[in-house]
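# Overview (structure and organization)
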Amino acid sequence: MPHTVGIGIIGMGWIGTVHSRCYRQVSDRYRDLGIQARMVICADEVKNRAQEAQERFGFEHWSTDWEDVISNADVEAISIASPNFLHIDMIRSAAKAGKHIFCEKPVGMNPLQTAEIESIAREAGVISWVGYNYRWAPVVQYARKLVQEGKIGDITHYRGRFLVGYGRDPNGILSWRFQREFSGSGALGDLISHVVDMAHSMAGSIQSVTSTSETFITQRPIATKGTGDHFSTGSAESPKGDVTNEDYVGALVHFSNGARGSFEACRVIKGPGCEMAFELNGTKGALKWNFERMNELQVHFPDGSDEHDGTTLIQSSPKHPSYVQFQTGPAISMSYDDLKLIEATEFLKSIVSEKQGEPGFKEALAVAEVQEAMKKSWESRKWEEVVSLRKS
Ligand SMILES: NC(=O)c1ccc[n+]([C@@H]2O[C@H](COP(=O)([O-])OP(=O)(O)OC[C@H]3O[C@@H](n4cnc5c(N)ncnc54)[C@H](O)[C@@H]3O)[C@@H](O)[C@H]2O)c1
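Position labels on residues start from 1 in each chain and follow its written sequence. Whole-chain, interface and lining totals are the exception, using all residues; otherwise, since this is a predicted model, local features are given only for residues with pLDDT of at least 70 and side-chain atom pairs are given and counted only at 80 or more. Computation of side-chain values: all heavy atoms of the structure, hydrogens and water removed.

## Section: the site of the ligand
Neighbouring the ligand are 27 residues, the closest being D44, R49, N84, N133 and Y336. For the ligand, an oxygen atom lies 2.5 Å from a polar atom in the side chain of D44. In the environment of the ligand, an oxygen atom lies 2.7 Å from a nitrogen or oxygen atom belonging to the side chain of N84. Note on areas: these come from Shrake-Rupley sampling with a 1.4 Å probe, and a residue is covered only by the protein chains present in the view. The protein chains hide 92% of the 850 Å² of surface that the ligand would expose on its own. The nearness test applies per residue and asks whether one of its heavy atoms lies within 4 Å of the molecule or strand. Polar contact is the term for a pair of N or O atoms within 3.5 Å; when the atoms are in protein, one must be able to donate a hydrogen and the other to accept it, and sequence-neighboring residues count only if both atoms are side-chain atoms.

Following this line, the structure appears as structure tokens:
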């Protein structure tokens, strides 16, 4: 008999539909685990989104009231896929009801909310999970293993970036992401969260940062509530509203192990489409990965022979973690949704085994502490120490 986990999802926009699609596939892709997601209820304040999601993904119920997801007795685990300003109230309510919680990054609107959220879930003793999906690419998992096994030597340099163009059109609508009131920070929460989590998992904790931010596009066409997504556009003639958070964040970074690094994220850049990438150099070798070619890892292991000194391209294969569930032969490309499916599976495994895995809210808090130091540096224009925000 499979172990069935009742699922409720709040927010049926872009990522809520991805979560729904992925939970449904866990029992197929990971047959050996014997875990089955039961699609109990979905909610969205926009009625037709909730209704349509029920039909598309086979939920037993739908609602326009997110509290219905939390109060449903058949729901054991909840995905929170709503705009950031709603995360904390939903998590408080879900934790009180003893539900396990998968919250999308950035986990709240700001670092202090992330700290509050971490404490709420810890006190309630529920399993928490976060959508740092880029960790799960098979060659990224392999890269982490190489670092942990000491194959790269001592890490000396780390460069992380997330350069995307979803906001590069000035007529792109003023969705919730561009408004501090609904999103909190901009590129810091939306993009740097992934960059810092990846840096933590590859190169370890961060001691201090100096950072800068900028908003390049300061006004956008006002969005019509309940329609469109953050790729939707208005016209040059549409009434405009102010963008109230940052498009760009850059930082210099000192890691606790002595490595030096830099981070950069931008949501309005021309050129890169979804360049979530890292480069890591150590005393024995180097690694390079870019999500735009997520099935490829470049490794550099100098062997002292100058004639063929250079990088080697490694393609995802059944030898790498989480690959065989998707493809049986090497170099058959996987996709973004596959990473979300691996992530959903790891969350359900954590619930079934009753063992908190990674990344949970503890890892989100570690990210938030770095974000808080970056924000301080925007004001002070100085290096800032990363300090604990953990509530006792
Ligand atoms: N991990 C990733 O790669 C990734 C990618 C995209 C989004 N996200 C995160 O997921 C979250 C949602 O982002 P999105 O792009 O899916 O946004 P979205 O705007 O596409 O979807 C959000 C949905 O929430 C609904 N909603 C708003 N208020 C609600 C309420 N009170 N009750 C119920 N539903 C409500 C909206 O109607 C909308 O359908 C954000 O925190 C975002 O940062 C993560």
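There's more to say after this.
## Details of the nonpolar core
The term nonpolar core refers to a set of buried residues drawn from Ala, Val, Leu, Ile, Met, Phe, Trp, Tyr and Cys, joined through side-chain atoms within 4.5 Å. Under the scheme applied here, a residue whose accessible area is under 20% of the maximum for its type counts as buried, over 50% as exposed, and between as partly exposed, the area being computed with a 1.4 Å probe on protein chains only. By size, the foremost hydrophobic cluster in this structure holds 108 residues, and its most contacted members are F263 and W289. No other element matches the ten residues that helix α8 (residues 187-203) contributes to this core. These domain boundaries are the output of an automatic or database domain assignment. Two domains each provide a minimum of three residues to this core, namely domain 1 (3-133) and domain 2 (138-293 + 295-330). If you look at the next biggest cluster of nonpolar residues, it comprises five residues, including L163, Y248, C266 and V268. We count a stretch as a helix when DSSP gives it H or I for four or more residues in a row; a strand needs E for two or more, and each element gets its number in order from the N terminus.

## Describing the pairing of strand β2 (residues 35-43)
Along any regular strand the residues' side chains alternate between the sheet's two faces. Of all nine residues making up β2, seven are buried, and the element is well covered by its neighbours. Two strands form a pair only when DSSP identifies at least two bridges running between them. Judged from the eight bridges that link them, strand β1 (residues 3-10) and β2 form a sheet pairing that is parallel. By the bridge assignment for β2, V5 is matched with A37. Here is how to tell: hold the view so the strands point away, follow the path from the first strand over the helix to the second, and if it runs clockwise the crossover is right-handed. After leaving β1, the chain enters helix α1 (residues 14-29) and then returns to the sheet as β2, a path that is right-handed. Sheet topology places β2 next to strand β3 (residues 61-63); three bridges connect them, and they run parallel. Counterpart to I41 in the pairing with β3 is H61. Crossover connection from β2 via helix α2 (residues 47-57) to parallel β3: handedness right-handed.

## Considering the pairing of strand β7 (residues 155-164)
Counting buried positions over the ten residues of β7 gives seven, a clear majority of the element. For β7 and strand β13 (residues 274-282), the ladder comprises nine bridges, and the chain directions are antiparallel. Across the sheet, L163 pairs through a bridge with E275, a residue of β13.

## Looking at helix α4 (residues 87-96)
Across the ten residues that make up α4, a large majority, seven, are buried. Among all positions in α4, only H87, I88, M90, I91, S93, A94 and A95 are buried. Against β1, α3 (67-71), β4 (77-80), β5 (100-103), α5 (111-124) and α10 (361-380) lie the buried residues of α4. Residue contacts are defined here by distance: any two heavy atoms, one from each residue, within 4.5 Å place the two residues in contact.

## Some words on unusual backbone geometry
Looking along the chain, the bond that leaves K105 and enters P106 is cis, with omega of 10°. Cis geometry is found at the peptide bond from E358 to P359, where omega equals 0°. Within the fold, P359 resides in the loop between α9 (336-353) and α10. One non-glycine residue, E354, lies in the positive phi region at around 55°. Mapped onto the elements, E354 comes out in the loop between α9 and α10. In this structure, R381 is a non-glycine residue whose phi angle is positive, near 55°. Residue classification places R381 among the exposed residues on the basis of a relative accessible area of 74%.

## A short note on the state of the cysteines
Defined by distance alone, a disulfide is two cysteine sulfur atoms within 2.5 Å. Per the counting criterion, the structure on display carries zero disulfides. Looking at C22, it has no disulfide partner, and the nearest cysteine sulfur is the one in C42, 15 Å off. Residue classification places C22 among the buried positions, given a relative accessible area of 2%.

## A look at the pattern of salt bridges
Salt bridge, as used here: a side-chain nitrogen of Lys or Arg that lies within 4 Å of a carboxyl oxygen of Asp or Glu. This structure, assessed with the given rule, holds 25 salt bridges. Residue E296 is joined to R293 by a salt bridge in which the shortest nitrogen-to-oxygen separation is 2.9 Å. Taking the relative accessible area as the measure of exposure, R293 reaches 52% and is therefore exposed. Connected through salt bridges with shared partners, the residues D89, R92, E116 and K391 form a single ionic network.

## Describing the sheet that holds β2
Here six strands make up an open sheet; going across it, the order is β3-β2-β1-β4-β5-β6 and the pairing parallel. Edge positions in the sheet fall to β3 and β6 (128-130), since each has one partner strand and no second. Along the sheet, successive strands turn relative to each other by an average axial angle of 25°, direction set aside. In this structure, β4 lies alongside β5, joined through four bridges in parallel fashion. What sits directly across from S79, in β5, is F102. Axis definition: a line fitted to C-alpha atoms, over the contacting stretch in the case of helices. Angles run 0 to 180 degrees between N-to-C directions.

## Here we look at the domain arrangement of the protein chain
Looking at the assigned domains, one finds that the protein chain contains domain 1 (3-133) and domain 2 (138-293 + 295-330). Distance from the C-alpha centre of domain 1 to the C-alpha centre of domain 2: 25 Å. On the side of domain 2, 21 residues touch domain 1, which itself brings 15 residues to the contact. A simple way to read buried area is as the amount of 1.4 Å-probe accessible surface that goes missing from two parts once joined, with both sides added. Summing both sides of the interface, domain 1 and domain 2 together bury roughly 1500 Å²; the carbon and sulfur share of this comes to 56%. With its nearest N and O atoms 2.8 Å apart, the salt bridge here joins D190 to K105. Taken together, the links from domain 1 to domain 2 amount to five residue pairs in polar contact (both at pLDDT 80 or more). Of the residues in the side of domain 1 that touches domain 2, the class split is eight nonpolar, three polar and four charged. The classification used treats Ala, Val, Leu, Ile, Met, Phe, Trp, Tyr, Cys and Pro as nonpolar, Asp, Glu, Lys and Arg as charged, and all other residues, Gly among them, as polar.

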